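Topology and contacts: notes
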Amino acid sequence: MRIRVAAAARMRLTALLCAFVLTVLIVPGSAGAETLDDVRARADAAADRVSALQSQVDAASADYREALRGLAEAVTKEVS
């Protein structure tokens, strides 16, 4: 039970962080025109943030798979 709660919390956190990054990418930083270098710099920064989140996504995914395995084992034991 504790693993499922932790996995769910990690997945929610990851989803919120991804939503934040996407919002930053979608909402323009200023009303004026940006140079190509400015756009590339923002895109590179966003890519760096997404890469940093990847380890959290991987950890949440591993926790989810472990919780799912535990659930399958518990169901099998109850049915047997």
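This section reports on the structure supplied with the text. (Residues numbered from 1 in each chain as written. Predicted model: local features only at pLDDT ≥ 70, side-chain atom pairs only at ≥ 80, totals over all residues. Heavy atoms only, no water.)

Quick look at the side chain of threonine 14
- With respect to the helices and strands, threonine 14 occurs in helix H1 (residues 2-26).
- Owing to a relative accessible area of 10%, threonine 14 belongs among the buried residues under this scheme.
- Threonine 14 has contacts with Gln56, Val57 and Ala60, leaving out every residue within four places of it along the chain. (Helix = DSSP H or I, 4+ residues; strand = E, 2+ residues; numbered from the N terminus. Buried < 20%, exposed > 50% of the residue type's maximum accessible area, 1.4 Å probe, protein only. Contact = heavy atoms within 4.5 Å.)

Some thoughts on a nonpolar patch on the surface
- Nonpolar side chains collect at one region of the surface, where Met11, Tyr64, Leu68, Leu71, Val75 and Val79 lie side by side and expose about 570 Å² of accessible area between them.
- Here the nonpolar patch gets five residues from one element, more than from any other, and that element is helix H2 (residues 36-79).
- Among the secondary structure elements, tyrosine 64 is positioned in helix H2. (Patch = residues over 30% accessible without salt bridge, like charges linked within 9 Å, V, L, I, M, F, W, Y side chains within 5 Å. Areas by Shrake-Rupley, 256 points an atom, 1.4 Å probe, with all protein chains shown as cover. Salt bridge = Lys/Arg side-chain N within 4 Å of Asp/Glu carboxyl O.)

The analysis is restricted to geometry; functional conclusions fall outside its scope.
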